[in-house]
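# Structural overview
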Amino acid sequence: MTTYDFGPRFTQELGNRFGSPAESWPAIAERVTPFLAIVVDALGVDDGLWWFEAARQAHRCDRR
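Residues numbered from 1 in each chain as written. Predicted model: local features only at pLDDT ≥ 70, side-chain atom pairs only at ≥ 80, totals over all residues. Heavy atoms only, no water.

Looking now at the overall build of the protein. A count of helices and strands for the protein gives four helices and zero strands. The linear arrangement of helices and strands in the protein, starting from the amino end, is α-α-α-α. Principal-axis analysis of the C-alpha atoms gives the protein an extent of 35 × 35 × 15 Å. For the protein, the proportion of its 64 residues judged to be buried stands at 16%. Taking the intrachain contacts of the protein between residues at least 6 apart in sequence as the baseline, contacts between residues at least 24 apart amount to 41%. Total accessible area computed for the protein in this model is approximately 5,200 Å², and 57% of it derives from carbon and sulfur atoms. Put simply, the protein has 7 plus and 9 minus side-chain charges, and the middle of one group is 10 Å from the middle of the other. (Helix = DSSP H or I, 4+ residues; strand = E, 2+ residues; numbered from the N terminus. Buried < 20%, exposed > 50% of the residue type's maximum accessible area, 1.4 Å probe, protein only. Contact = heavy atoms within 4.5 Å. Areas by Shrake-Rupley, 256 points an atom, 1.4 Å probe, with all protein chains shown as cover. Lys, Arg positive; Asp, Glu negative; His and termini not counted. Charge placed at Lys NZ, Arg CZ, Asp CG, Glu CD.)

Right under this line is the structure:
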């Protein structure tokens, strides 16, 4: 079983969106990376990506 390390890429993306960690990152940000790995490890890459996209779409619909 492969374990995925989203830490470096996720940190980079958070920095792109929110600026440096000391400035304005949401407090929960550091806890998300292990969750991403759990989902992809459990479902595999393709189903994990589908799952995240489904969650994103549901969030977008809920915010309307």
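On we go from here.
For the structure shown, the criterion picks out two aromatic pairs. Summarising the aromatic geometry, the rings of W51 and F52 are spaced 5.3 Å apart at their centres and angled 80 degrees between planes, so their arrangement reads as edge-to-face. The rings of F35, W51 and F52 are connected pair by pair, giving a single aromatic cluster. (Phe/Tyr/Trp six-rings, centres within 6.5 Å; stacked < 30°, edge-to-face > 60°.)

Below, the discussion takes up the pattern of salt bridges. Within this structure, the stated rule accounts for one salt bridge. Across the salt bridge formed by R56 and E53, the nearest N and O atoms sit 2.8 Å from each other. With R56 and E53 both in helix α4 (residues 45-63) and three residues apart, this pair spans about one turn of that helix. (Salt bridge = Lys/Arg side-chain N within 4 Å of Asp/Glu carboxyl O.)

Turning next to the confidence of the model for the protein. The predicted model of the protein has a mean per-residue pLDDT of 82, with 94% of residues at 70 or higher. Within the protein, the lowest mean pLDDT, 69, falls on helix α2 (residues 21-24), and the highest, 89, falls on α4. (pLDDT = per-residue confidence, 0-100.)

Right, let's get into helix α1 (residues 7-18). The end-to-end C-alpha separation of α1 is 16 Å, in line with the 16 Å expected for 12 residues at 1.5 Å each. Two residues or fewer past α1, G19 is found with a positive phi of approximately 90 degrees. (Expected span 1.5 Å × (residues − 1).)

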